[in-house]
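Read off the chains here:
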Amino acid sequence: MGKLFQNKRFQNTMFFFATLSSIIYLLWRAFFTLPLRDGVVTAVFGVMLLVSEISAALGTYELYYRKNRANKVDMALPEIPASWYPDVDIFVATHNEPVDLLYKTVNALTHMDYPDKNKVHIYIADDGNRPEMGKLAEAFGVGYFPLANNKHAKSGNLNNALYQTHSPLVATFDADMIARREFLMKTVPYFFLPRMRRKENGEWVMRAQEEMEEGYKIGFIQTPQSFYNPDLFQFNLYAEQNIPNEQDFFSREINVMRNSTNAVAYTGSNTVISREALEEIGGFPTDTITEDFETGIKIQSKGYTTYSTLEPLASGLAPTSIRSMVTQRVRWARGVIQSIRNTKLARNKGLSLSARISYLLSYSYWWSFGRRLVFTFAPIMFALFSLQVVHTTFWQIMAIWGPQYIFYSLAVRCLSSDTRNQRWNQIIDTILAPFLVIPVFLETIGVKQLKFKVTDKSTSKPQHSNLIYIVPQLIMLGMSIAGLIRYLGGKYGTALFYSSFIAFWLILNITNLLYAVYFMMGRKAYRASERFLADIPVRLTYRDKPISAVTKNISEGGFLFLLKHPTYLPDDETLDFTLHSDRYCAEVKGRIVYINSSGNQWLYHVKLEPDMNENNRREYLQLVYDRPHSLPKSMNVWVTAFDDIVNNASLRLEKQHSEMRALPRIQLERFVRFEEGVSGTIVDFNFKFMLVRGLSEVVDHLTLVPRNGIRIELVNTKKSLITSGVTLYSVTNWEELVGSKAFQTLLEDWIFEYNQGTKRPRRAKKKVLA
């Protein structure tokens, strides 16, 4: 089915019929359905609903047009000689972020690949003017630009760094963005596109003089904004395994599509910019709270070509509280409106018509939250207050709206990628709408927000969200449910059938609002740092026995490694580990805090000790962060709204519990005879203890001799257990057994036999005939 929606002929057919049916529908809506004589409130809302429908349709068709053009842009990375790579100034802008956060960012930058590392100049631009940041810069051997009394927020901070440096290229990073080592190698070569061309065989060669394109110069290369922690949509909705980061849709799709109109948005970080372009526009603009967005427009207005790439090359922290996320989105919305006004976008002759349309649609996007409120309240007004905002009959709706809805939905499905679909668009808009409509309106009429509000990049996660944000969502949910009950009350048969259209929209809105309520309820965070899936070789030695393993995941606080066979490792001793990749090597100390099994593998969880020397700390952080994040890059399309709602409800009601066993619990289910003449079944064993069931006689001491040369000495712990018929014995000679190769072989044989036994099909029980 997915291949059908990617078929070009099918897509064009759907968009033809969607366009035709939408034109018919919107003309009908405009000329025959507006309630202009039913009072001011009904008339105004009726017009707002029509305008919302028209703007939603225009946005969809513009996206279709842009997506078709985007496929024609060649974004191959040029191959250039090592001597061509120019000097690069790297600015890390910080205001009040903690030193530990900057440590990881700067550490990654010092490890970046470049043909001549003397050409890479790293600077911390700190308008907090903090001594601790100066010490951090000194420790890493990078530059430091302090700035006190900064009146121009991030713009002033970056301009201060810009005026004190001279390299032809400038890379900008937010304080939390951790670059991968190949960042420069996969961005800098794009600046040589005006001098290079690719032959049909894929070889890159220099352009001849007559092949040079006049005015073709690269302004900036924007790589995707990427985040290594789950964003709030993933985390609060228990969807971190089902949906990608909410910003992926813009960074990896919309912005890449805008290559075709040269309207790529500069997003402030993970970017390499031409110094010539920055100087030509007078540096970073200061009369806006989104200096990055306006910088991009001004550079493009000067004739520079800009590109957005597809591969994430740096990852940072997504906001971890509802308050910080709302603050961030309000700043983005107001800043976009300010920048469009500042650059006189509609009359900006430096931009092509298609680029101006792209940017104006960026402005209209922020009104989509207003549209969502209109779509939410329209059925409520009719069902709850008997205000008919659309003059029509049921059969007119079915005949005119029905085909349009079907073809429009199919067209949107063709546009939907593996990062976002129509359902999630509606959910996200419903969640954010109440907090963005008023700021967008105020900024549009000229009531400006002048103060730059820094997004909180704290690594600590809130235990609960601020419940004040749930109030608008609860009000709309209550009104929708009340409207549904009032509208359907007492109806049955034909009357119920004719009510199905309004009921459909109310149920759809109720579903979206349930997501919003779950989102605002928040979710308790248990992990102190994010985990990354990683296969890293790890070595340790215990009692002169070398052990080699491979990690399954890694985080700042520890890692998990796999063993094929259960091996005793102490839970009360600090162990020395060596983790090494083809690039990094770190010697660390840690303790085993938890052991469990998965299939035929044993998983050992290690918590690191904090006393790590400087070199090992830097290497270990690179082992953690110099890799793609482990969160989904595409949606799980098989998860329905019903699945999500039920899953959220069950997980919120479920009590959190965990068994933190620090020794491997080895299931055996093995019948044995002890030297004392007693028999029973070994249930499980963890080197220090053995659980035995069905003893023919419970005694204080037992001895098991399973093979020549192996003795297992047991003492009854006399602990009362919940399960009847079982006895817990301690293994008195466990240290001797741990060091015995013969015992390890025996244990592996027992485990093999147990696993083989669990795989055998059970015999069917014979029926007893009365």
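Quantities reported herein were computed from a predicted structural model and do not represent experimental measurements.

### Thoughts on the pairing of strand S8 (residues 218-222)
Extensive coverage of S8 is indicated by the burial of five of its five residues. As judged from the four bridges shared by S8 and strand S11 (residues 305-308), these two strands associate in the parallel manner. Its bridge partner lying in S11, Ile218 is registered against Thr305. Taken together, the three bridges between S8 and strand S10 (residues 271-274) define a ladder with antiparallel strand orientation. Counted as the bridge partner of Ile221 is Val272 from S10.

### As for the sheet that holds strand S5 (residues 178-179)
Taken together, the three strands give an open sheet; going across it, the order is S5-S12-S9, and neighbouring strands pair in mixed fashion. Where the open sheet ends on each side, the last strands, each with one partner, are S5 and strand S9 (226-227). In this sheet, strand S12 (residues 314-316) lies alongside S5 in antiparallel orientation, the contact comprising two bridges. Bridge pairing in S12 places Ala179 opposite Ala314.

### Topic: the pattern of salt bridges
Applying the stated criterion across every chain yields a total of 32 salt bridges. Asp626 is paired through a salt bridge with Arg181; the nearest N and O atoms lie 2.8 Å apart. Taken together, the positions of Asp626 in the loop between helix H19 (614-625) and helix H20 (641-653) and Arg181 in the loop between S5 and strand S6 (196-198) put the pair 445 residues apart, joining distant regions of the chain. A single salt-bridge network, built from bridges that share partners, covers Arg180, Glu182, Lys186 and Glu311.

### Overview of H19
Every α-helix carries 3.6 residues per turn, so stepping three or four residues along brings you back to the same face. The end-to-end C-alpha distance of H19 is 17 Å, a good match for the 16 Å that 12 residues give at a rise of 1.5 Å each. Of all the 12 residues making up H19, nine are buried; the element is thus mostly covered by neighbouring parts of the structure. Along H19, the residues classified as buried are Asn616, Arg618, Glu619, Tyr620, Leu621, Gln622, Leu623, Val624 and Tyr625. The N-capping residue of H19, defined by a side-chain oxygen 3.3 Å from the backbone nitrogen of Asn615, is Asn613.

### Quick notes on the packing of helix H13 (residues 368-385) against helix H18 (residues 500-521)
Across the interface, H13 lies against H18 with an axial gap of 10 Å and an inter-helix angle of 130 degrees. On the basis of the axis angle, H13 is oblique to H18. The chirality of how H13 crosses H18 is left-handed. On H18, the residues that touch Arg372, Phe375, Thr376, Pro379, Ile380, Phe382 and Ala383 of H13 are Ile502, Trp505, Leu506, Asn509, Asn512 and Leu513. For the contact of H13 with H18, the class distribution of residues is nine nonpolar, three polar and one charged.

### Looking at the packing of aromatic side chains
Where two aromatic rings form a pair, the distance of their centres and the angle of their planes describe that pair. With the rule as written, the count across this model stands at 44 aromatic pairs. On the basis of an interplanar angle of 80 degrees and a centroid distance of 4.9 Å, the ring pair of Trp401 and Phe501 is categorised as edge-to-face. In this pair, Trp401 is assigned in helix H14 (residues 394-415) and Phe501 in helix H18, connecting sequence segments 100 residues apart. The buried category is assigned to Trp401, whose relative accessible area is 11%.

### Regarding the sheet that holds strand S1 (residues 88-94)
Reading across from one edge, S3-S2-S1-S4-S10-S8-S11 is the order of the seven strands in this open sheet, with mixed pairing throughout. Here the strands that pair on one side only, and so sit at the sheet edges, are strand S3 (143-146) and S11. The sheet shows a mean angle of 20 degrees between the axes of neighbouring strands, taken without regard to direction. Pairing of strand S4 (residues 169-174) with S10, which is carried by four bridges, proceeds in the antiparallel orientation. Paired with Val170 across the two strands is Ile273, which belongs to S10. Running at roughly 145 degrees to S8, helix H10 (residues 291-301) makes contact with S8, S10 and S11 of the sheet.

### Regarding the packing of H13 against helix H15 (residues 422-444)
At their nearest, the axes of H13 and H15 sit 8 Å apart, and the two run at 105 degrees to each other. Classified by the angle their axes make, H13 and H15 are roughly perpendicular. Contact with H13, carried on its side by Ser368, Phe369, Gly370, Arg372 and Leu373, involves Gln426, Asp429, Thr430, Leu432, Ala433, Leu436 and Val437 of H15 and no other residues of that element. Residue classes in the contact of H13 with H15 are distributed as six nonpolar, four polar and two charged.

### Brief notes about unusual backbone geometry
Although it is not a glycine, Tyr238 adopts a positive phi angle of roughly 50 degrees. Locating Tyr238 in the fold gives a position in the loop between helix H7 (232-236) and helix H8 (248-257). Given a relative accessible area of 15%, Tyr238 falls into the buried group. With phi around 60 degrees, Lys718 is a residue other than glycine that occupies positive phi space. By the element assignment, Lys718 lies in the loop between strand S24 (710-716) and strand S25 (726-731).

### Quick look at the side chain of Ser315
Its place among the elements puts Ser315 in strand S12. Taking relative accessible area as the criterion, Ser315 reaches 11% and is therefore assigned buried. For Ser315, the side chain forms a polar contact with the side chain of Ser226, separated by 3.0 Å. With residues up to four places along the chain from it excluded, the contact list for Ser315 reads Asp176, Met177, Ile178, Ser226, Phe227, Tyr228 and His629.

### Remarks on the confidence of the model for the protein chain
Per-residue confidence for the protein chain gives a mean pLDDT of 91; residues scoring 70 or more make up 95%. Counting contacts from residues 762-770, a segment whose pLDDT is below 50, to residues more than four positions away or on other chains yields zero contacts.

### A look at the nonpolar core
Counting 109 residues, the largest nonpolar core has Ile90, Ile554, Phe559, Phe561, Phe577 and Leu579 as its most contacted members. Per element, the largest residue contribution to this core is six residues, and it comes from helix H4 (residues 99-110). Setting aside anything within four residues of it in sequence, one finds Ile90 in contact with Leu109, Met112, Val120, His121, Ile122, Tyr123, Ala171, Phe173 and Leu184.

The rules behind each value
Residues numbered from 1 in each chain as written. Predicted model: local features only at pLDDT ≥ 70, side-chain atom pairs only at ≥ 80, totals over all residues. Heavy atoms only, no water. Buried < 20%, exposed > 50% of the residue type's maximum accessible area, 1.4 Å probe, protein only. Helix = DSSP H or I, 4+ residues; strand = E, 2+ residues; numbered from the N terminus. Pairing = 2+ DSSP bridges. Salt bridge = Lys/Arg side-chain N within 4 Å of Asp/Glu carboxyl O. Expected span 1.5 Å × (residues − 1). Polar contact = N/O pair within 3.5 Å; in protein donor to acceptor, adjacent residues only side chain to side chain. Axes fitted to C-alpha atoms, helices over the stretch in contact; angles between N-to-C directions. Parallel < 35°, antiparallel > 145°, perpendicular 65-115°, else oblique. Left-handed = near helix turned anticlockwise from the far one by under 90°. Contact = heavy atoms within 4.5 Å. Nonpolar A, V, L, I, M, F, W, Y, C, P; charged D, E, K, R; others polar. Phe/Tyr/Trp six-rings, centres within 6.5 Å; stacked < 30°, edge-to-face > 60°. pLDDT = per-residue confidence, 0-100. Core = buried A, V, L, I, M, F, W, Y, C linked by side-chain atoms within 4.5 Å.

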